[in-house]
Amino acid sequence: MNVAVEQADGLRREALRIAGEKIYRDRVIEVFNPYNGDLVGTVPKATLEDVRRAFAIARAYKATLTRYERSEILKRAAEIIRSRTEAYSDLITAESGLCKQDSLYEVGRVCDVLVFGASQALVDDGEIFSCDLTPHGKKRRVYTQRDPLLDVISAITPFNHPMNQVAHKIVPAIATNNRMVLKPSEKVPLSALALADVLYEAGLPPEMFSVITGDPREIADELIVNEHVGLVSFTGGVAIGKYIASKIGYRRMVLELGGNAPLIVMEDADLDEASSLAVAGSYKNSGQRCTAVKRILVQDSVADRFVDMLVDKTRAWRHGDPADRSVQMGTVIDEHAARTFEERVARAVKQGARLLHGNERDGALYSPTVLDHVRPDLDVVTEELFGPVSPVIRFGTVEDAIRIANSTPYGLSSGVCTNRLDYITRFVEGLHTGTVNIREVPGYRLELTPFGGIKDSGLGYKEGVQEAMKSFTNIKTYSLPWT
C-alpha cells in the first residue's frame, strides 16, 4: 500500500474510509499549507448518510481479536510508521505548518502510543476478590474482566497534533477490541487518513475503524447523538466540549479540553534551566498545545534576571519555513489564528504590559513573543492563548503564586521551578491542575501515563493509553463457589 494517495500533480485527493472502503464525494474540503498557501490535497465532505452508515457497520461488527492479535497489529503499525518517518513528518508539516523538528517528534510519539498500546493489550486486567472477608462471608471468589463497549466509540480530534491525537483515540480502542468512528479536524485530515491506512495494512479488521471527514456544521451532531454511539471521546476547545456535554444525553463522554498552564519560577530556581523550559514550553509546536506554557509566574527578586534570559533565548529561537530542518518553529494553523494573537498581544500592551520581543506576523507565520509586567487580570492570560507567546507575571510569595495560578477556569497542567521540598509539597497540594511537573515543562508526560485536567480543562476519564483503555471498557464481575 502506498504511503500517500497522490496524483501526478502531487496533490492528495483523498476518500472517506468507511470500514476500510474508500468513498469519494463531489463536495470536498481543500487542505492548504499554512506557510505558502499551496494546496496540499482534498478530502470529501461526508453526508449524514455516510456517518450513519459508518456507525451502523461498526455496531454490527463483533470484534474477536485475541490479546496477542491486537498487540501484533499495533506493533506492526509502529514498525510501518517508523520505516516511513520522513514521509509522515512531511505530511504533518505540509498540512499543519508545524516545523520538521516538531513533526518528526510527533511521528515518534505516535510510535510510542502504538508500542505502549501493544504492551497493554497483553496485560490481564482482571481482579480476584475472596469473599470470606467478613463474619457473614461465603466461601466464594469474585472475578472481574473488562469487556469492550456494546456500542461504538465516536472520536473527534483537533488540529494541533494531526496524527498523535488520532493515535491516542484509536490505539486504546484497538487494544480493548472496540470499534471507532473518527472525525479529524477539517484543517488537518490527511494525517488521520494516513494512520488509518497503516492500521489496515497492519491487519486491523477495517470494520473496527472508520474515518469520516467533513464540515462539522453538517455532521457534528450526528457524531454525538447517533443511536449507535456509546461513548464520545473529544479533544478540543472548551465551548465545543460543553456543547457536546449538553447534547450527548445518556452516553459516556471523555472531554479533554483547553489549558492555561503556568510555569512558576521561584527565587531559588536555576534561572538558566527555568528560562530554557519557558521558551521550549511556549514555542514548541508553535505554542499550539493545551499544555503549552501560557503564563510565566516569576518571583519578584529574580524576575529581572529571568526576563533578560527569556528574551535572549526567545530572540535565538529560529522560526520560519517549517520545511527547513534548522527552523525550531513553523507557522500557526492559519492566518486567522495569527491575527488573533497579534490583536490580543497589542491589547495587552495598551492595558499596561510591556512588549519586549515579537508580535510580528506574516500570514500564518507569527513570531515568538515576550510580554513582561502582565497583570493577572488581563485576557492575554485569563483566557487560553493558543500560540507562541510568553507572558510574564511577577509575584511575591508562594501564596500569591498559587492564587494567581488557580485564578483561571482551567486546570490542566503546571510546571514549577524550585529545589525546595517545602515549596514542592505546597505546589503539589495547592495547584488545581491535573499535572504538576517539577523542573519540567507543564506538558511533560509519557504516552502511557494518565493525562487530563479538572475544572474547564476536562471531564470524564483521563487520557494516556492505560486510562483510555479503562474508559473504553465495561467491567463485568462473576463469582464462583470456592471451597
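The model shown is predicted, which means the values in this text are computed figures rather than measured ones.

S.K.: Explanation requested: the overall build of the protein chain in the structure shown.
M.R.: Counting secondary structure elements, the protein chain contains 15 helices and 25 strands. Relative to the 2.2 N^0.38 estimate, which gives 23 Å for 483 residues, the radius of gyration of the protein chain is 23 Å and therefore close to what a compact globule would have. Taking the principal axes of its C-alpha atoms as reference, the protein chain extends roughly 75 × 70 × 40 Å. Buried residues in the protein chain amount to 57% of all 483 residues. For the protein chain, contacts bridging at least 24 residues in sequence account for 71% of all contacts bridging at least 6. Total accessible area on the protein chain is roughly 19,600 Å²; 51% of this is exposed by carbon and sulfur atoms. Mean positive and mean negative side-chain charge positions of the protein chain (59 and 65 charges, respectively) differ by 5 Å.

S.K.: Is there a simple way to explain the pairing of strand β21 (residues 413–417) in this structure?
M.R.: Remember that side chains alternate between the two faces of the sheet whenever the strand is regular. Burial of β21 is extensive: five of the five residues sit out of reach of the surface. Of the two faces of β21, both are covered, the one formed by Ser413, Gly415 and Cys417 as well as the one formed by Ser414 and Val416. Both strand β13 (residues 261–265) and β21 contribute to a ladder of three bridges, which runs parallel. Residue pairing for β21: Leu263 is matched across the bridge by Gly415. As paired strands, β21 and strand β22 (residues 435–438) are joined by four bridges and run parallel to one another. Residue pairing across strands places Val416 opposite Ile438, the latter belonging to β22. Crossover β21 to β22 through helix α14 (residues 421–430) is right-handed.

S.K.: In this structure, what is going on with the confidence of the model for the protein chain? I would like to understand it.
M.R.: Detail in the predicted coordinates should be disregarded across regions flagged by low pLDDT. Looking at the protein chain as a whole, the pLDDT averages 96, with 98% of positions reaching at least 70. Below a pLDDT of 50 lies the segment residues 1–5, which in the model reaches 15 contacts outside its immediate sequence neighbourhood of four places, other chains included.

S.K.: Would you mind going over the side chain of Asn285 with me for this structure?
M.R.: Mapped onto the elements, Asn285 comes out in the loop between α9 (271–283) and β14 (293–299). For Asn285, a relative accessible area of 4% puts it in the buried group. Beyond its immediate sequence surroundings of up to four residues, Asn285 is in contact with Leu98, Asp102, Asn160 and His161.

S.K.: Would you mind going over the sheet that holds strand β1 (residues 12–13) with me for this structure?
M.R.: Remark on secondary structure: sheet strands pair via backbone hydrogen bonds, oriented parallel or antiparallel. Pairing is mixed across the open sheet formed by three strands, whose spatial order is β1-β5-β4. Two strands in the sheet have a free side with no partner beyond their single neighbour: β1 and β4 (28–32). Sheet topology note: the β4/strand β5 (residues 39–44) ladder contains five bridges and is antiparallel. Counted as the bridge partner of Ile29 is Val43 from β5. Those strands touched by helix α6 (residues 190–201) are β1, β4 and β5, and its axis lies near 65° from that of β5.

S.K.: Whenever I open this one, the sheet that holds strand β7 (residues 140–148) confuses me. Can you help?
M.R.: Read across the open sheet, the three strands follow the order β6-β7-β25; overall the sheet is antiparallel. Strands with a single pairing partner mark the edges of an open sheet, and in this sheet they are β6 (128–130) and β25 (473–481). Here the average twist between neighbouring strands, direction ignored, is 20°. Alignment of β6 against β7, held across three bridges, turns out to be antiparallel. From the neighbouring strand, Ile128 faces β7, where its bridge partner is Tyr143.

S.K.: Where do I start with helix α5 (residues 164–175) in this structure?
M.R.: Owing to its 3.6 residues per turn, the α-helix brings residues three or four apart onto one side. Taking 1.5 Å per residue as the helical rise, α5 with its 12 residues ought to reach 16 Å, and the 16 Å between its terminal C-alpha atoms agrees with that figure. Taken together, the buried positions of α5 are Asn164, Gln165, Val166, Ala167, His168, Lys169, Ile170, Val171, Pro172, Ala173, Ile174 and Ala175. Of the residues trailing α5, Asn177 is marked for its positive phi of about 65°.

S.K.: What should I look at first to understand the environment of Ala269 in this one?
M.R.: Relative to the elements of secondary structure, Ala269 occurs in the loop between β13 and α9. Relative accessible area serves as the criterion here: at 10%, Ala269 is assigned to the buried category. Along the chain, Ala269 and Arg140 lie 129 residues apart, while their C-alpha atoms are 56 Å from each other. When neighbours within four sequence positions are excluded, Ala269 is seen to be in contact with Cys417 and Thr418.

How each quantity is defined
- Residues numbered from 1 in each chain as written.
- Predicted model: local features only at pLDDT ≥ 70, side-chain atom pairs only at ≥ 80, totals over all residues.
- Heavy atoms only, no water.
- Helix = DSSP H or I, 4+ residues; strand = E, 2+ residues; numbered from the N terminus.
- Rg over C-alpha atoms; globule rule 2.2 N^0.38 Å.
- Buried < 20%, exposed > 50% of the residue type's maximum accessible area, 1.4 Å probe, protein only.
- Contact = heavy atoms within 4.5 Å.
- Areas by Shrake-Rupley, 256 points an atom, 1.4 Å probe, with all protein chains shown as cover.
- Lys, Arg positive; Asp, Glu negative; His and termini not counted.
- Charge placed at Lys NZ, Arg CZ, Asp CG, Glu CD.
- Pairing = 2+ DSSP bridges.
- Right-handed = clockwise from strand over helix to strand, strands pointing away.
- pLDDT = per-residue confidence, 0-100.
- Axes fitted to C-alpha atoms, helices over the stretch in contact; angles between N-to-C directions.
- Expected span 1.5 Å × (residues − 1).

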